[in-house]
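Listed here are the chains, written in short residue letters.
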Amino acid sequence: MSYIGEKYDVIVVGAGHAGCEAALASARMGAKTAVFTISLDNIALMPCNPSVGGPAKGHLVREIDALGGEMGRNIDKAYIQIKMLNTSKGPAVHALRAQADKKEYQKMMYDTLRKQENLTVRQAMVDEIIVEDGQIQGIKIHTGGIFYADAVVITAGTYMDSRIIIGDLLYKSGPQGFLTTDTLSKSLRDHEIELLRLKTGTPARVNADTLDYSKMSIQPGSEEGLHFSFENSDREKAEKNIPCWLTYTNPDTHQVIKDNLHRSPLFSGVIQGTGPRYCPSIEDKIVRFENKDQHQIFIEPEGQDTNEIYVQGMNTSLPEEVQLEMLRTIPGLEQVEILRTGYAIEYDAVKPSQLTLSFELKNISGLFTAGQINGTSGYEEAAAQGLLAGINAALKIQKKDPFILSRAEAYMGVLIDDLITKDTTEPYRLLTSRSEHRLFLRQDNADLRLTPKGQELGLIKKERFDKFSQKVEDISREIMQLKQTKIIPSDPALKKLVTDKEIPDFRQLVSLYDVLKRNEISYQDLQSYGIYEGTANHEVAEQMNIQIKYEGYIEKQLKQIEKFNKLESKKLSADIDYSEMAGLRKEAIQKLDKVKPVSVGQASRIQGVSPADIAVILVFLEKNKRTQHG
Ligand SMILES: Cc1cc2nc3c(=O)[nH]c(=O)nc-3n(C[C@H](O)[C@H](O)[C@H](O)COP(=O)(O)OP(=O)(O)OC[C@H]3O[C@@H](n4cnc5c(N)ncnc54)[C@H](O)[C@@H]3O)c2cc1C
């Protein structure tokens, strides 16, 4: 028996990493929002690795925070260790990574959701979307309730018609024993939304009390006050530092796997869904890297007050007894006991080429999708999409233009553009190498790139924006002061510095700005050698070290971005009929008609569209311009 429930501006389906961000952004932008999720016990659940960040993912979390999203603040409250990766490499690939206390992370996120104004959090299974004349009307839940809304954001993750696979055991379930449903998939198909079948997997969780850490090497975090959220820039030292551990597989491990490959659903064909290339199962690794006689295994605590350990690097869907046998060959795990068996999960996802750059479906106005449902893999990728979809759902009901980030502005822009133009068929994971402008899209300057936009959207509070404006002022003041402060080569303090650093002397009067251009010299050196009484805080000093040292490269990148923006500014309307464009190849016509690129720049990134095709489009645009202007 159905009934009509409360009317909302925006309804979000699912409170995973995408759903939480979407719901908070929409409510904070003033839209009356409700989030319906299968269980209040799996809000912001981390069904796989207990960590946030790492290369490219850390950049995304910083961008989410800079725009006013929640993930950065939440992990800063719930990590058990944090560290900066790749510090021996250039700043473009420096990346924060934190080990999360999973339960604490969920609790903190749920607290934030239930305290948020304009937001209702409900436990319910959404079975259907309601659409009329190509316009979303609302949803129907399993108890019969019908809830109307002007915009709906679906963030159903790995729960759509999902099934668990362990050896030859298959059963319908969401992750970690939560419910799944095939009704929502059916409803989306009924509205001509194309779905993909994808797969991912997770390793066993084992009992910490059954491990022998003396056979592993300790992997502590940093003691520094590292933080994802720019709101926590004044942190002096790490809140927690619970170690992880490193061990390795060995030929015995590999032999157990080889002897049981015929029982692996991956190789027996039981698994149909396409898995993530960058998170391979251990079976995959043994087959793909046959000559390697060991693989790294990280032992990661799932939290402070739990004996659950995540065995990173041992994703598998092999039968349970094989999992135990292979784990017990690993140094330190000889007596190990399994708490949760590793498994693979197959689930339905939406083909991302059906989306616009604002995450709205092209064929249903007001319907948005975000997260793993769009074919990505990872908490961070999901949260970034959720934030942008939530923003755009609120803008939609406020009848404002969509908020779109380009590839030159943010990794978020790279992610959505890749999803649409590359028409992803396997779980997409963000990498820094996917960006053409990675020296400009660093994790340290995410706020300089995005916080003003977050403030315009109403997602950055006044106090925070004032602090940010002060930082911007401090940066330009400091640069000016360093440029104006000159020093002679014979200055004793400078002499001592170059001697200690074993670098060539300066030959003439130089500005401290030029002194800082030397790779070996940091802003902190100028202070500690008494050469400069700079007052910059840690973040401003970091900008001095990066912006000055990489000035030439950054300028070159900004020129490339200018060139990139030129092609992006050549707009293409959605109703162009590419089959009428003489000279376009058949494959290009099909791809262009499917993706409906918004610009020549985006058209040039569609797989199957060649530079020759782009030349045809440019001629077409030029001709059109001339006809229009007579
Ligand atoms: C087994 C497994 C292994 C994974 N391995 C990796 C990995 O190795 N690397 C990696 O980067 N990522 C991995 N992930 C992916 C990672 O978990 C996801 O990327 C991330 O959780 C996606 O976030 P999301 O918000 O899109 O979806 P989810 O976190 O899946 O959240 C979806 C939410 O929607 C709710 N929901 C779903 N359907 C409905 C409905 N009909 N009605 C109401 N609520 C609904 C659910 O209750 C849930 O709260 C793995 C996930 C799983 C399950």
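Every value quoted in this text rests on a predicted model; they were computed, and no experiment measured them. (Residues numbered from 1 in each chain as written. Predicted model: local features only at pLDDT ≥ 70, side-chain atom pairs only at ≥ 80, totals over all residues. Heavy atoms only, no water.)

Peer 1: Explain the site of the ligand to me, and be specific about the residues and the numbers.
Peer 2: Neighbouring the ligand are 36 residues; His17, Ala18, Val126, Gln372 and Gly378 lie closest to it. When the ligand is considered free in solution it has 990 Å² of accessible area, and contact with the protein chains removes 98% of it. With three residues, the top contributor of residues to the shell around the ligand is strand β13 (residues 195-202). Looking at the shell around the ligand residue by residue, the classes come out as 19 nonpolar, 16 polar and one charged. (Near = heavy atom within 4 Å. Areas by Shrake-Rupley, 256 points an atom, 1.4 Å probe, with all protein chains shown as cover. Helix = DSSP H or I, 4+ residues; strand = E, 2+ residues; numbered from the N terminus. Nonpolar A, V, L, I, M, F, W, Y, C, P; charged D, E, K, R; others polar.)

Peer 1: Lay out the sheet that holds strand β6 (residues 95-100) in plain terms, naming residues and giving numbers.
Peer 2: What the three strands build is an open sheet, ordered β4-β6-β5; its pairing is antiparallel. At either end of the open sheet lies a strand with only one pairing partner, and these are β4 (51-53) and β5 (79-85). Going from strand to strand, the sheet's axes swing by 15° on average, the running direction of each strand aside. The sheet contact formed by β4 and β6 spans three bridges and is antiparallel. The partner of valine 52 across the bridge, within β6, is alanine 98. (Pairing = 2+ DSSP bridges. Axes fitted to C-alpha atoms, helices over the stretch in contact; angles between N-to-C directions.)

Peer 1: Let's hear about the layout of surface pockets: which residues, and what values?
Peer 2: One number sums up the size of the second largest pocket: a volume of about 770 Å³. Lining the second largest pocket are 32 residues, and of these Met84, Glu224, Leu226, His538 and Glu542 lie nearest its centre. Elements supplying a minimum of two residues to the lining of the second largest pocket: β5 and α17 (538-549). The biggest single contributor to the lining of the second largest pocket is α17, with six residues. (1 Å grid on protein atoms, 1.4 Å probe; cavity = no way out; pocket = protein on both sides within 12 Å on 5 of 7 lines; lining within 4 Å. Points joined across faces, edges and corners; volume = space filled by probe spheres on them.)

Peer 1: Give a detailed account of the packing of helix α10 (residues 379-397) against helix α11 (residues 411-421), specifying residues and quantitative values.
Peer 2: Taken N-terminus to C-terminus, the directions of α10 and α11 make an angle of 90°; their axes are 10 Å apart at the nearest point. The pairing of α10 with α11 is recorded here as roughly perpendicular in orientation. Counting all contacts with α10, which are made through Glu381, Ala384, Gln385, Leu387 and Leu388, the residues of α11 involved are Met412, Leu415 and Leu419. Considered class by class, the residues forming the contact of α10 with α11 number six nonpolar, one polar and one charged. (Parallel < 35°, antiparallel > 145°, perpendicular 65-115°, else oblique. Contact = heavy atoms within 4.5 Å.)

Peer 1: Talk me through the pattern of salt bridges; I want residue IDs and the actual numbers.
Peer 2: Considering all chains together, one arrives at 48 salt bridges under this definition. In this structure, glutamate 381 and lysine 57 form a salt bridge, with 3.0 Å as the shortest nitrogen-oxygen distance. Of this pair, glutamate 381 sits in helix α10 while lysine 57 sits in helix α2 (residues 57-67), and the two are 324 residues apart along the sequence. There is no split in this pair, since glutamate 381 and lysine 57 are both buried. Glutamate 539 serves as the salt-bridge partner of lysine 471, at 3.0 Å between the closest nitrogen and oxygen. Within this pair, whereas lysine 471 is found in helix α13 (residues 462-484), its partner glutamate 539 is found in helix α17, the two being separated by 68 residues in sequence. On the basis of relative accessible area, lysine 471 is assigned to the buried category, the value being 8%. (Salt bridge = Lys/Arg side-chain N within 4 Å of Asp/Glu carboxyl O. Buried < 20%, exposed > 50% of the residue type's maximum accessible area, 1.4 Å probe, protein only.)

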